[in-house]
Amino acid sequence: MAGTANFLMMKTIDITVPVVAMGYDELDEAQRALVDKAREYTGHAYAPYSRFSVGAAIRLDNGVIVPGANQENAAYPSGTCAERSACYWAHARYPEARFESIAIASLGTDGREPEVPTAPCGACRQALLEYEKLAGHDVEVLLAGAGVIYRLPSVRSLLPLAFSEF
């Protein structure tokens, strides 16, 4: 068949994401402080429509922790997620600082923290990836649930087939 030599044969590519499931007591002091701040900021969410409150906390290389919370609006999608509110404020306030780690926590519609952590939406993953790229190193991700905390080595591990070049 003419012209088929330039095509690869179909194959499956397995993508794995390293996730460490751990208890709160297994976190180091800095990780606990970040998770605590993310949990605290679920109480700063404005979520009258979804009743799903999310808090985020980003540790910068200057030692500052910048929190954020989701903010909804009747004119959806005019609101913003906790992760993007934190990362945009962090870079606007401290443009010279680089992200080191982020923790994310949530409260379900019943007002309780879910047993299993909630992961960021795709838009937040993409936004956070931009700041990981700017940092020039992996940015640790801590996803907090009531029963377990997931530790991921980088934002890229949340978005393995990332769009990061154009």
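Chains are numbered independently. Their residues run from 1 in the order of the written sequence. Selection of residues for local features in this predicted model requires a pLDDT of at least 70, selection of side-chain atom pairs for listing and counting requires 80 or more, and totals for whole chains, interfaces and linings are taken over all residues. For side-chain calculations, the full set of non-hydrogen atoms in the structure is used, while hydrogens and water are omitted.

Draft legend 1. Quick look at the packing of helix 2 (residues 82-93) against helix 3 (residues 122-135). Lines fitted to the C-alpha atoms define the axes, with helices restricted to the stretch that makes contact. Angles between their N-to-C directions range from 0 to 180 degrees. Starting at the N terminus, helices and strands are each numbered in turn, a helix being any DSSP run of H or I of at least four residues and a strand any DSSP run of E of at least two. Look at helix 2 against helix 3: their axes get within 9 Å of each other, and the N-to-C directions meet at 30°. On the basis of the axis angle, helix 2 is roughly parallel to helix 3. The element helix 2 and its partner helix 3 pack so that their crossing is left-handed. Taken together, the residues of helix 3 that come into contact with helix 2 (itself represented by Glu83, Arg84, Cys87, Tyr88 and His91) are Ala123, Cys124, Ala127, Leu128, Tyr131 and Leu134. Across the contact of helix 2 with helix 3, the residue classes tally to 8 nonpolar, 1 polar and 2 charged. Orientation labels follow simple angle bins: below 35 degrees gives roughly parallel, above 145 gives roughly antiparallel, 65 to 115 gives roughly perpendicular, and whatever is left gives oblique. Each crossing gets its hand from how the near helix is turned against the far one by less than a right angle, where anticlockwise is left-handed and clockwise is right-handed. We call two residues contacting when some pair of their heavy atoms lies within 4.5 Å. Any residue that is not Ala, Val, Leu, Ile, Met, Phe, Trp, Tyr, Cys, Pro, Asp, Glu, Lys or Arg is counted as polar, Gly included; the first ten are nonpolar and the last four charged.

Draft legend 2. Local environment of the environment of serine 85. Within the secondary structure, serine 85 sits in helix 2. When the C-alpha positions of serine 85 and alanine 69 are compared, they lie 6.6 Å apart, and in sequence the two are 16 residues distant. Residues in contact with serine 85, not counting those within four places in the same chain, are Gly68, Ala69 and Thr80.

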